[in-house]
Amino acid sequence: MRNISEIYIDGAFVTPHGEDVADLFNPSTEERIGTVRLGDREDARAAIAAAKRAFPAFSRTSKAERIEMLERLGASVSARAEELTAAMTEEYGAPGYFTGFSVPHAASAFFNMAEILKTYEFTRKIGRAEVTMQPHGVVAAITPWNSNYGFICGKLATALAAGSTIVIKPSEMSAIQTQILTECLHEAGLPKGVFNIVNGRGDVVGAEFSAHPDIAKVTFTGSTAVGKQILKAGAETLKRVTLELGGKGPNIILDDADLDTVIPTVLMMGLGNSGQACVNGTRVLVPESRLAEILPRLKAGIEAVKVGDPCDPEVRIGPMVSQRQFDRVQSYIRLGMEEGATLLTGGEGRPEGLDRGWFIRPTIFTGVTNDMRIAREEIFGPVLAVIPYKDEEDAIRIANDTNYGLQAYLHGSDIDRARRIADRMESGRVVINGAPHEPLAPFGGFKQSGIGREYGVFGLEAMLEPRAVLI
Ligand code: NAD
């Protein structure tokens, strides 16, 4: 049992004023593995006050000082990679391939921002004006459970690079991971109050951060529904916002695709992070002319994917994070059948041989039309919908016929053609033939997948406000 009883304010671990306690679970066994004492609105306000006090001095630090701090933070996170990995496996159920990406990715957020700062010019001349890029003030970061370290570190690195101070509310379901990460960040020895981390409920600590007049900017990753609430809460004080929200990505198999190479990639892009990723390509668009060839390959491919104990290195799909998430995915599988889609494989219940843990049978629906709810709503589990298309124009139309626009996937042999189609995707990112993540390129959504961009120079500028001085 791990009892997390402190939050981090003004450079120290402190007992929260809030007294509510929430349980923490191992999703692979459903066992209770700890508790977290949650902060309340008073704790949220204390964190904001600390960040506000720290801002004047921190905003005047030099670029070189901030680069040095970012490098220290990155080194501190790297130093405890093994413990961070173990906590993410136990508390979140992430399989090895995902922790193997996530932990180094979190540390590299600091190193990448340090590199960006080295060449970034905060001052430039435009005509007679001298334009300087200014930090916003106190930033609030609110993050989800599906990649706790990456979201905290990415938002923290960017705010600090900009010269802002920050208050962070991670998901209350990730408290063990947050505790170890906070200890790493504390080790880096930054001035007190520069960053503050408060465990707490979204409708308490998150709501306080989203509405408080001393918060200048909210950077949020989570569901579209909560993103809209944050936007409304911030409207009163015209907060700047970056919203990284949900997705329902098209995963398009073009008619010239070599199926031997493409099918494993399509499945990987559809099922990443055990299906709990905003970027997953969960609508698999298949040319009608090749449907009969493709369906048996998708079925065989997904049935070969190992589900189970995330400590097993061959496992690709771990459990859902919580009972609630398990129930939600099960209800979408039932909904798919009620809507008239056909199960190609998978279905309700747990996979064979797994009688405990929040595991889902990897599921593919066929006979799906793009107006069904299973094609329009984010399920956030290992559930794919196959949607046939007639020709290229039809594929583009179906791909863009969605409220979301986060990440789209194209698979085909003719790269020029794929590039042409990419130009027509209403999507913040388009990945051709399973290309790897580019951490310096902008990331974010079109339409209801969000507002603004993170990562690299675009991410840094989203944390800055230009001021023009005319002489
Ligand atoms: P969520 O929206 O329920 O919660 C996200 C965070 O917001 C949590 O810390 C939660 O406590 C907090 N929150 C909840 N209600 C709040 C409120 N009223 N005011 C302020 N904060 C509040 O999302 P989740 O279930 O934790 O994560 C899954 C969702 O996140 C999915 O929709 C997924 O697509 C999305 N997501 C998006 C990205 C992206 O980069 N676009 C990345 C990962 C996850």
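Residues numbered from 1 in each chain as written. Predicted model: local features only at pLDDT ≥ 70, side-chain atom pairs only at ≥ 80, totals over all residues. Heavy atoms only, no water.

1. Describing unusual backbone geometry
So, step 1. Phi at Leu238 is positive, roughly 50°, even though this residue is not glycine.
So, step 2. One can find Leu238 in the loop between α8 (224-235) and β12 (240-244).
So, step 3. In this structure, Asn433 is a non-glycine residue whose phi angle is positive, near 50°.
So, step 4. Of note, Asn433 is situated in the loop between β19 (429-432) and β20 (450-451). (Helix = DSSP H or I, 4+ residues; strand = E, 2+ residues; numbered from the N terminus.)

2. Section: the sheet that holds strand β21 (residues 464-470)
So, step 1. Overall, antiparallel pairing links the three strands, which are arranged β6-β7-β21 in an open sheet. At either margin of the open sheet sits one strand with a lone partner, and together these are β6 (123-126) and β21. The mean angle between the axes of side-by-side strands here comes to 30°, regardless of whether they run parallel or antiparallel.
So, step 2. Two strands pair when backbone bridges link them, and strand β7 (residues 129-135) and β21 are joined in this way by seven bridges, in the antiparallel orientation. By the bridge assignment, Ala129 is partnered in β21 with Leu470. (Pairing = 2+ DSSP bridges. Axes fitted to C-alpha atoms, helices over the stretch in contact; angles between N-to-C directions.)

3. Things to note about the pairing of strand β18 (residues 407-411)
So, step 1. The buried fraction of β18 amounts to five of the five residues, a majority that puts the element mostly inside the structure.
So, step 2. Burial of the side chains of β18 extends over both faces: Gln407, Tyr409 and His411 are buried on one face and Ala408 and Leu410 on the other.
So, step 3. As paired strands, strand β13 (residues 250-253) and β18 are joined by three bridges and run parallel to one another. Residue pairing across strands places Ile253 opposite His411, the latter belonging to β18.
So, step 4. For the crossover from β18 across helix α14 (residues 415-422) to β19, the handedness is right-handed. (Buried < 20%, exposed > 50% of the residue type's maximum accessible area, 1.4 Å probe, protein only. Right-handed = clockwise from strand over helix to strand, strands pointing away.)

4. Some details on the layout of surface pockets
So, step 1. For the largest pocket, the calculated volume is near 1,400 Å³.
So, step 2. Looking at the largest pocket, it is lined by 48 residues, and the ones nearest its centre are Trp145, Met173, Ser223, Val226 and Arg324.
So, step 3. Listed by contribution, the elements that provide at least two residues to the lining of the largest pocket are β4 (21-26), α7 (202-211), β11 (215-221), α8 and α11 (323-338).
So, step 4. Taken together, the residues of the lining of the largest pocket sort by class into 22 nonpolar, 14 polar and twelve charged.
So, step 5. Estimates place the volume of the second largest pocket at around 1,000 Å³.
So, step 6. Forming the walls of the second largest pocket are 38 residues, and the residues nearest its centre are Phe98, Phe101, Val279, Gln407 and His437.
So, step 7. Elements with a minimum of two residues in the lining of the second largest pocket: α4 (96-119), α5 (148-162), α9 (259-271), β18 and β19.
So, step 8. Take the lining of the second largest pocket: its biggest share by element is six residues, from α4.
So, step 9. When grouped by side-chain class, the residues that make up the lining of the second largest pocket number 18 nonpolar, 14 polar and six charged.
So, step 10. Here the lining of the second largest pocket gathers at least three residues from each of two domains, domain 1 (2-245 + 447-470) and domain 2 (250-432). (1 Å grid on protein atoms, 1.4 Å probe; cavity = no way out; pocket = protein on both sides within 12 Å on 5 of 7 lines; lining within 4 Å. Points joined across faces, edges and corners; volume = space filled by probe spheres on them. Nonpolar A, V, L, I, M, F, W, Y, C, P; charged D, E, K, R; others polar. Domains from an automatic or database assignment.)

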